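Coordinate analysis (summary)
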Amino acid sequence: MLAAGAASARVGGLPPGVAPPVRPVKGQLLHLRGPADAPLATRTIRGLDVYLVPRADGRIVVGATVEELGEDTRVTAGGVFELLRAAWELLPGIGELQLVETVAGLRPGSPDNAPLLGRSAAEGLLLATGHYRNGILLTPVTADALAATLTGGSPDEIAAFAPTRFAVAAAAAGASR
Ligand SMILES: Cc1cc2nc3c(=O)[nH]c(=O)nc-3n(C[C@H](O)[C@H](O)[C@H](O)COP(=O)(O)OP(=O)(O)OC[C@H]3O[C@@H](n4cnc5c(N)ncnc54)[C@H](O)[C@@H]3O)c2cc1C
């Protein structure tokens, strides 16, 4: 099973043409903290450019940037500024909260930003990568579907996410030239 997140394309030892077309997509997010007994928000708030997720301990998570910068995992002033500006427009009271943590990570993005799930072109190698912005959300369905595939099944719910779809598309594009 190859499930190395944003590094999936760089894992060594794969036969030619099997490395999945996965790229790193940088995301920055912030943790703000206010009083747990008087929370500023009690529900997730979604804006166009930002979301705010309240936690039980009084924290509010503000996420997330989407940046095509390769392997860069620096937290930047510009990223923090954009998140705070967009969050403040939604909920001006955040200006009073404490900025307690900044995070930068890499999402695994595929050419269509949908996951690559199931059998690869290499005999016996399954892929579970390319989940982009939804890898946490999709963990249960991914685990169930890959467990079924490992035991010989072909689950319908991942048929559209076959890792081989990009090779098929590339071959079709080559034939039409
Ligand atoms: C700022 C930010 C906010 C996000 N918010 C959300 C959200 O709200 N909801 C959501 O669903 N998703 C969210 N995501 C996306 C989510 O984090 C990813 O989709 C998910 O982590 C992908 O899971 P994964 O297991 O494929 O990769 P990862 O979680 O990156 O795990 C890959 C693992 O493979 C290991 N690895 C790498 N290379 C090798 C190697 N050569 N050999 C062995 N092991 C290796 C790594 O160490 C790592 O443990 C967010 C991402 C970011 C950056």
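All of these numbers come straight from a predicted model, not from anything done at the bench.

What follows concerns the environment of A87. Looking at the element boundaries, A87 is found in helix α1 (residues 77-90). Classification of A87 as buried rests on a relative accessible area of 0%. With 24 residues separating them in the primary sequence, A87 and P111 have C-alpha atoms 29 Å apart.

Bringing the domain arrangement of the chain into the picture now. Interfaces are frequently sized by the accessible area removed from exposure as the parts join. In terms of domain boundaries, the chain breaks down into domain 1 (5-20 + 112-175) and domain 2 (23-109). The C-alpha centroid of domain 2 is placed 30 Å from the C-alpha centroid of domain 1. With nine residues of domain 1 at the interface, the matching set in domain 2 holds 11 residues. Of all residues in domain 1, A6, Y132 and R133 give up the largest surface area on contact with domain 2, accounting jointly for 68% of the area buried on that side. Applying the counting rule to domain 1 against domain 2 returns one salt bridge. Measuring nitrogen to oxygen at the nearest pair gives 3.3 Å for the salt bridge that ties R10 to E71. Applying the counting criterion to the domain 1 and domain 2 interface returns four residue pairs in polar contact (both at pLDDT 80 or more). Among the residues making up the side of domain 1 that touches domain 2, the classes are represented as two nonpolar, five polar and two charged.

Another point: the sheet that holds strand β4 (residues 59-63). With antiparallel pairing, the five strands of this open sheet are ordered in space as β2-β3-β4-β1-β5. Whereas interior strands pair on both sides, the edge strands pair on one side only; in this sheet they are β2 (45-46) and β5 (98-109). As paired elements, β2 and strand β3 (residues 51-54) share two bridges and run antiparallel to each other. Looking at the pairing, I45 lines up with L52 of β3. In this fold α1 packs onto β1 (23-33), β2, β3, β4 and β5, with an angle of close to 55 degrees to the strand it touches most, β1.

What counts as what
- Residues numbered from 1 in each chain as written.
- Predicted model: local features only at pLDDT ≥ 70, side-chain atom pairs only at ≥ 80, totals over all residues.
- Heavy atoms only, no water.
- Helix = DSSP H or I, 4+ residues; strand = E, 2+ residues; numbered from the N terminus.
- Buried < 20%, exposed > 50% of the residue type's maximum accessible area, 1.4 Å probe, protein only.
- Domains from an automatic or database assignment.
- Contact = heavy atoms within 4.5 Å.
- Buried area = accessible area lost by both parts, 1.4 Å probe.
- Salt bridge = Lys/Arg side-chain N within 4 Å of Asp/Glu carboxyl O.
- Polar contact = N/O pair within 3.5 Å; in protein donor to acceptor, adjacent residues only side chain to side chain.
- Nonpolar A, V, L, I, M, F, W, Y, C, P; charged D, E, K, R; others polar.
- Pairing = 2+ DSSP bridges.
- Axes fitted to C-alpha atoms, helices over the stretch in contact; angles between N-to-C directions.

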